[in-house]
Amino acid sequence: GEDTKKAEDKCAAADARAVARVFMARAEVHSRDKYPEGALSDLRQAEERIKPTAQRGSGEAGRLLADIARKIQEAEQAKHTHDNNRDHGKMLDLPENIQELPKERRCEFIKKAYKKAALKWHPDKAMEAGKARAARRMNELTEARDHVQERLGCAKPKPVDEQQQQQQQ
(Lines give C-alpha, C1' and ligand atoms only; values in the text may rest on other atoms or scores of the structure.)
Protein backbone atom coordinates (compact mmCIF):
# COMPACT_ATOMS: atom_id res chain seq x y z
CA GLY A 1 0.00 0.00 0.00
CA GLU A 2 1.00 3.53 0.80
CA ASP A 3 3.78 2.55 3.23
CA THR A 4 5.38 0.36 0.57
CA LYS A 5 5.32 3.27 -1.90
CA LYS A 6 7.01 5.56 0.67
CA ALA A 7 9.68 2.97 1.37
CA GLU A 8 10.34 2.49 -2.37
CA ASP A 9 10.66 6.26 -2.84
CA LYS A 10 13.17 6.48 0.02
CA CYS A 11 15.19 3.59 -1.44
CA ALA A 12 15.26 5.24 -4.85
CA ALA A 13 16.61 8.44 -3.30
CA ALA A 14 19.15 6.65 -1.07
CA ASP A 15 22.86 6.46 -1.79
CA ALA A 16 23.50 3.43 -4.03
CA ARG A 17 26.48 2.35 -1.90
CA ALA A 18 24.38 2.32 1.27
CA VAL A 19 21.57 0.37 -0.42
CA ALA A 20 24.07 -2.12 -1.87
CA ARG A 21 25.56 -2.64 1.60
CA VAL A 22 22.09 -3.32 3.02
CA PHE A 23 21.45 -5.95 0.34
CA MET A 24 24.88 -7.46 1.03
CA ALA A 25 24.15 -7.64 4.76
CA ARG A 26 20.82 -9.35 4.10
CA ALA A 27 22.54 -11.75 1.69
CA GLU A 28 24.99 -12.63 4.47
CA VAL A 29 22.07 -13.47 6.77
CA HIS A 30 20.57 -15.67 4.04
CA SER A 31 23.92 -17.42 3.60
CA ARG A 32 24.21 -18.16 7.31
CA ASP A 33 20.63 -19.44 7.22
CA LYS A 34 21.60 -21.83 4.40
CA TYR A 35 19.28 -20.10 1.93
CA PRO A 36 21.53 -19.50 -1.10
CA GLU A 37 18.65 -18.49 -3.41
CA GLY A 38 17.84 -15.55 -1.15
CA ALA A 39 21.51 -14.61 -0.90
CA LEU A 40 21.88 -14.66 -4.69
CA SER A 41 18.77 -12.56 -5.17
CA ASP A 42 19.97 -9.90 -2.73
CA LEU A 43 23.50 -9.87 -4.15
CA ARG A 44 22.16 -9.41 -7.67
CA GLN A 45 20.01 -6.51 -6.47
CA ALA A 46 23.08 -4.99 -4.80
CA GLU A 47 25.05 -5.42 -8.03
CA GLU A 48 22.27 -3.82 -10.06
CA ARG A 49 22.09 -0.91 -7.64
CA ILE A 50 25.86 -0.18 -7.47
CA LYS A 51 26.81 -0.78 -11.13
CA PRO A 52 25.82 2.69 -12.45
CA THR A 53 27.81 4.41 -9.67
CA ALA A 54 30.84 2.22 -10.37
CA GLN A 55 30.60 2.94 -14.10
CA ARG A 56 30.69 6.67 -13.35
CA GLY A 57 34.16 6.12 -11.88
CA SER A 58 33.60 5.88 -8.13
CA GLY A 59 36.53 3.92 -6.70
CA GLU A 60 34.62 2.87 -3.60
CA ALA A 61 31.68 1.67 -5.72
CA GLY A 62 34.11 -0.22 -7.96
CA ARG A 63 35.58 -2.06 -4.97
CA LEU A 64 32.08 -2.78 -3.69
CA LEU A 65 31.09 -4.13 -7.11
CA ALA A 66 34.13 -6.44 -7.17
CA ASP A 67 33.27 -7.66 -3.67
CA ILE A 68 29.68 -8.32 -4.75
CA ALA A 69 30.87 -10.25 -7.82
CA ARG A 70 33.06 -12.45 -5.59
CA LYS A 71 30.19 -13.05 -3.19
CA ILE A 72 27.85 -13.94 -6.08
CA GLN A 73 30.32 -16.63 -7.16
CA GLU A 74 30.47 -17.98 -3.60
CA ALA A 75 26.67 -17.95 -3.33
CA GLU A 76 26.32 -19.79 -6.66
CA GLN A 77 28.72 -22.47 -5.41
CA ALA A 78 26.78 -22.68 -2.14
CA LYS A 79 23.52 -23.04 -4.09
CA HIS A 80 24.99 -25.84 -6.17
CA THR A 81 26.20 -27.62 -3.03
CA HIS A 82 22.87 -27.02 -1.28
CA ASP A 83 20.89 -28.40 -4.22
CA ASN A 84 23.07 -31.46 -4.80
CA ASN A 85 24.67 -32.49 -1.50
CA ARG A 86 21.98 -32.08 1.14
CA ASP A 87 22.04 -34.59 3.96
CA HIS A 88 18.33 -35.18 4.52
CA GLY A 89 18.94 -37.40 7.53
CA LYS A 90 20.96 -34.67 9.21
CA MET A 91 18.23 -32.10 8.49
CA LEU A 92 15.82 -34.28 10.47
CA ASP A 93 18.43 -34.97 13.13
CA LEU A 94 18.30 -38.73 12.48
CA PRO A 95 21.01 -41.02 13.89
CA GLU A 96 23.74 -42.16 11.50
CA ASN A 97 22.88 -45.86 11.98
CA ILE A 98 19.13 -45.59 11.34
CA GLN A 99 19.32 -48.07 8.44
CA GLU A 100 20.42 -50.76 10.91
CA LEU A 101 17.08 -50.60 12.75
CA PRO A 102 14.14 -52.82 11.76
CA LYS A 103 11.91 -51.21 9.13
CA GLU A 104 9.01 -50.51 11.48
CA ARG A 105 11.30 -48.80 13.99
CA ARG A 106 13.02 -46.76 11.23
CA CYS A 107 9.70 -45.48 9.95
CA GLU A 108 8.55 -44.59 13.46
CA PHE A 109 11.85 -42.78 14.10
CA ILE A 110 11.48 -40.72 10.91
CA LYS A 111 7.91 -39.81 11.76
CA LYS A 112 8.88 -38.66 15.27
CA ALA A 113 11.88 -36.68 14.02
CA TYR A 114 9.73 -34.91 11.42
CA LYS A 115 7.04 -34.15 13.99
CA LYS A 116 9.63 -32.68 16.37
CA ALA A 117 11.10 -30.51 13.61
CA ALA A 118 7.63 -29.47 12.42
CA LEU A 119 6.71 -28.32 15.92
CA LYS A 120 9.81 -26.13 15.95
CA TRP A 121 9.54 -24.72 12.41
CA HIS A 122 5.82 -24.50 11.66
CA PRO A 123 5.04 -21.07 10.13
CA ASP A 124 2.02 -20.58 12.42
CA LYS A 125 4.36 -20.64 15.43
CA ALA A 126 6.78 -18.13 13.90
CA MET A 127 6.63 -14.43 14.62
CA GLU A 128 5.50 -12.28 11.70
CA ALA A 129 9.02 -11.38 10.57
CA GLY A 130 10.11 -15.04 10.47
CA LYS A 131 7.10 -16.59 8.72
CA ALA A 132 8.75 -16.78 5.29
CA ARG A 133 11.88 -18.36 6.78
CA ALA A 134 9.79 -20.86 8.75
CA ALA A 135 7.70 -21.74 5.69
CA ARG A 136 10.85 -22.30 3.62
CA ARG A 137 12.40 -24.43 6.36
CA MET A 138 9.18 -26.42 6.75
CA ASN A 139 9.16 -27.17 3.01
CA GLU A 140 12.77 -28.35 3.21
CA LEU A 141 11.94 -30.60 6.17
CA THR A 142 8.97 -32.10 4.33
CA GLU A 143 11.17 -32.75 1.31
CA ALA A 144 13.80 -34.34 3.59
CA ARG A 145 11.20 -36.55 5.28
CA ASP A 146 9.81 -37.72 1.92
CA HIS A 147 13.31 -38.44 0.60
CA VAL A 148 14.39 -40.39 3.71
CA GLN A 149 11.12 -42.35 3.84
CA GLU A 150 11.54 -43.41 0.20
CA ARG A 151 15.23 -44.27 0.65
CA LEU A 152 14.62 -46.36 3.76
CA GLY A 153 11.52 -48.11 2.42
CA CYS A 154 8.89 -46.41 4.59
CA ALA A 155 7.01 -44.89 1.65
CA LYS A 156 6.51 -45.84 -1.95
CA PRO A 157 8.27 -43.60 -4.48
CA LYS A 158 5.95 -40.93 -5.83
CA PRO A 159 5.07 -40.95 -9.53
CA VAL A 160 7.31 -38.68 -11.61
CA ASP A 161 4.52 -36.24 -12.55
CA GLU A 162 3.58 -35.75 -8.86
CA GLN A 163 7.23 -35.01 -7.96
CA GLN A 164 7.43 -32.43 -10.74
CA GLN A 165 4.26 -30.70 -9.46
CA GLN A 166 5.73 -30.46 -5.95
CA GLN A 167 9.01 -29.05 -7.24
CA GLN A 168 7.17 -26.31 -9.15
CA GLN A 169 5.43 -25.08 -5.97
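See the structure above.
Bear in mind the structure is a predicted one, so any value in this text is a computation, not a measurement.

Caption draft 1: Quick look at the overall build of the protein chain. Counting secondary structure elements, the protein chain contains eight helices and zero strands. Secondary structure elements of the protein chain, listed N to C terminal, follow the sequence α-α-α-α-α-α-α-α. Buried residues in the protein chain amount to 29% of all 169 residues. Nonlocal contacts in the protein chain, meaning residues at least 24 apart in sequence, comprise 57% of its contacts between residues at least 6 apart. Surface summary for the protein chain: the accessible area is close to 11,900 Å², and the carbon and sulfur share equals 50%.

Caption draft 2: Summary view of the layout of surface pockets. Of the voids in this model, the second largest pocket is the one considered here, and its volume is about 630 Å³. Residue lining of the second largest pocket: 27 residues in total, with S31, D33, K34, Y35 and H82 positioned closest to the centre. Taken together, the elements giving at least two residues each to the lining of the second largest pocket come down to α2 (16–32), α3 (36–55), α4 (59–84), α5 (88–91) and α7 (131–151). With six residues, the single largest contributor to the lining of the second largest pocket is α4. The residue inventory of the lining of the second largest pocket, partitioned by class, reads 10 nonpolar, four polar and 13 charged.

Caption draft 3: Just α4, in detail. Across its 26 residues, α4 extends 38 Å between first and last C-alpha, which sits within 8% of the 38 Å expected from 1.5 Å per residue. Here α4 has its buried residues at A61, L64, L65, I68, I72, A75 and H82. On the buried face of α4, the contacting elements are α2, α3 and α7.

Caption draft 4: Representation of α3 in the model. Look at α3: 27 Å from first C-alpha to last across 20 residues, which is about the 28 Å you get at 1.5 Å a residue. Turning to α3, its buried residues are P36, G38, A39, L40, D42, L43, A46, I50, T53 and A54. Contacts made by the buried residues of α3 are with α2 and α4. Backbone geometry just after α3 places G57 at a positive phi near 105°.

Caption draft 5: Region of interest: the environment of K51. Mapping K51 onto the fold places it in helix α3. Sequence spacing of K51 and A61 is 10 residues, and the spatial spacing of their C-alpha atoms is 7.7 Å.

Caption draft 6: Fine view of the nonpolar core. Formed by 18 residues in total, the largest nonpolar core has its most connected members in A20, M24, L43, A46, I50, L64 and I68. When contributions to this core are tallied by element, the ones reaching two or more residues are α2, α3 and α4. Core analysis: the second largest hydrophobic core is formed by 15 residues, A118, W121, L141 and A144 among them.

Basis of the calculations
Residues numbered from 1 in each chain as written. Predicted model: local features only at pLDDT ≥ 70, side-chain atom pairs only at ≥ 80, totals over all residues. Heavy atoms only, no water. Helix = DSSP H or I, 4+ residues; strand = E, 2+ residues; numbered from the N terminus. Buried < 20%, exposed > 50% of the residue type's maximum accessible area, 1.4 Å probe, protein only. Contact = heavy atoms within 4.5 Å. Areas by Shrake-Rupley, 256 points an atom, 1.4 Å probe, with all protein chains shown as cover. 1 Å grid on protein atoms, 1.4 Å probe; cavity = no way out; pocket = protein on both sides within 12 Å on 5 of 7 lines; lining within 4 Å. Points joined across faces, edges and corners; volume = space filled by probe spheres on them. Nonpolar A, V, L, I, M, F, W, Y, C, P; charged D, E, K, R; others polar. Expected span 1.5 Å × (residues − 1). Core = buried A, V, L, I, M, F, W, Y, C linked by side-chain atoms within 4.5 Å.

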